Amino acid sequence: MSGEIQSFLTGTVLLDLVLVAALLLTLGRRASWTDRAARRAVAGLSAVAIGVQGIHFLEEWATGFHRRLPELLGLEPWSAELWVSFNLAWLAIWLGSLAGLAAGWRAALVAVWFLALASAVNGVAHPLLALAVGGYFPGLWSSPAAGAAGVLLLRRLAAFTRPAGA
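Residues numbered from 1 in each chain as written. Predicted model: local features only at pLDDT ≥ 70, side-chain atom pairs only at ≥ 80, totals over all residues. Heavy atoms only, no water.

A. Geometry of the overall build of the protein chain. Each helix and strand counted, the protein chain has seven helices and two strands in total. Along the chain direction, N to C, the helices and strands of the protein chain fall in the order α-α-β-α-α-α-α-α-β. Taken over the C-alpha trace, the protein chain has a radius of gyration of 16 Å; the compact-globule value for 166 residues is 15 Å, and the two agree within 12%. Oriented by its inertia axes, the alpha-carbon framework of the protein chain measures out at about 50 × 35 × 25 Å. Partitioning the intrachain contacts of the protein chain with sequence separation of at least 6 by distance along the chain shows that 81% fall at a separation of at least 24. Put simply, the protein chain shows about 8300 Å² of open surface, and 70% of that area lies on carbon and sulfur atoms. Of the side chains in the protein chain, 11 bear a positive and 8 a negative charge, and the two mean positions are spaced by 22 Å. (Helix = DSSP H or I, 4+ residues; strand = E, 2+ residues; numbered from the N terminus. Rg over C-alpha atoms; globule rule 2.2 N^0.38 Å. Contact = heavy atoms within 4.5 Å. Areas by Shrake-Rupley, 256 points an atom, 1.4 Å probe, with all protein chains shown as cover. Lys, Arg positive; Asp, Glu negative; His and termini not counted. Charge placed at Lys NZ, Arg CZ, Asp CG, Glu CD.)

B. Highlighting the packing of helix H5 (residues 80–103) against helix H6 (residues 108–133). Contact geometry of H5 with H6 gives a least axis separation of 8 Å together with a crossing angle of 125°. The orientation of H5 with respect to H6, classified from their angle, is oblique. Note on packing geometry: the crossing formed by H5 with H6 is left-handed. The segment H5 lies against H6, with Trp90, Ile93, Trp94, Ser97, Gly100 and Leu101 engaging Ala108, Leu109, Ala111, Val112, Phe114 and Leu115. Taken together, the residues of the contact of H5 with H6 sort by class into ten nonpolar, two polar and no charged. (Axes fitted to C-alpha atoms, helices over the stretch in contact; angles between N-to-C directions. Parallel < 35°, antiparallel > 145°, perpendicular 65-115°, else oblique. Left-handed = near helix turned anticlockwise from the far one by under 90°. Nonpolar A, V, L, I, M, F, W, Y, C, P; charged D, E, K, R; others polar.)

C. A look at a nonpolar patch on the surface. Residues Leu72, Leu73 and Val133 make up a contiguous nonpolar surface patch of roughly 220 Å² in combined accessible area. The residue Leu72 is located in helix H4 (residues 65–72) in this model. By relative accessible area, Leu72 is classed as partly exposed at 38%. (Patch = residues over 30% accessible without salt bridge, like charges linked within 9 Å, V, L, I, M, F, W, Y side chains within 5 Å. Salt bridge = Lys/Arg side-chain N within 4 Å of Asp/Glu carboxyl O. Buried < 20%, exposed > 50% of the residue type's maximum accessible area, 1.4 Å probe, protein only.)

D. Structural context of the packing of aromatic side chains. Going through the model one piece at a time under the given rule, you end up with twelve aromatic pairs. On the basis of an interplanar angle of 25° and a centroid distance of 5.9 Å, the ring pair of Trp83 and Phe86 is categorised as stacked. Taken together, the residues span about one helical turn, with Trp83 and Phe86 both in helix H5 at a distance of three residues. Pair check on accessibility: Trp83 and Phe86 agree, each one buried. Through a chain of ring-to-ring contacts, three or more aromatic side chains come together here, namely Phe8, Phe65, Trp78, Trp83, Phe86 and Phe137. (Phe/Tyr/Trp six-rings, centres within 6.5 Å; stacked < 30°, edge-to-face > 60°.)

E. Main features of H4. Along H4, the positions that sit buried rather than exposed are Phe65, His66, Leu69 and Pro70. Angularly, the buried residues of H4 cover 115° about the axis, an arc narrow enough to put them on a single face. Residues of H4 that are buried sit in contact with helix H1 (3–11), helix H3 (36–62), H5 and H6. Directly beyond the C-terminal end of H4, a positive phi value near 75° is found at Gly74. (Arc of directions from axis to C-beta.)

F. Representation of H6 within the structure. The end-to-end C-alpha distance of H6, which contains 26 residues, comes to 37 Å, matching closely the 38 Å that a straight helix rising 1.5 Å per residue would cover. Count one or two residues on from H6 and you reach Gly134, which has phi positive near 75°. (Expected span 1.5 Å × (residues − 1).)

G. Molecular detail of the side chain of Thr12. Within the secondary structure, Thr12 is located in the loop between H1 and helix H2 (13–28). Under the relative-accessibility criterion, Thr12 is labelled buried at 7%. Among the polar contacts made by the side chain of Thr12, one reaches the main-chain carbonyl oxygen of Phe8 at a distance of 2.7 Å. (Polar contact = N/O pair within 3.5 Å; in protein donor to acceptor, adjacent residues only side chain to side chain.)

Below is the structure:
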């Protein structure tokens, strides 16, 4: 495995944990698919969160997040191509999840829970990273909007779903 890929996998381990949490939430909760208004509300807020994540990604890319985070963690920097590809892939998955929500596909909820959780984590992580370096850290300016969108989406998802045993 190349050094860059190993660095990337190490540097994004928090996102792996967030993805596992999204999968567990999808498996452990049942959606109210027959409630079209609730489904549309989740999709609408998801679309907003996707837009905010797109802006957040642009800020990260323009300000060198792909170099600064690995440097802070003592890892090899990531290429712009790897960082852009990773983010564009997730934006595409999230956009696809909107169609999945419309169709009532349970699997779409994995991506939507991940979007909500990752957005909320961004709202906390970037200010903490800025504190750690004693100044601006790439992604800081857009992170409050991402965090707010994530928290709102988490609340909407919690209302749209119920524990599997309930």
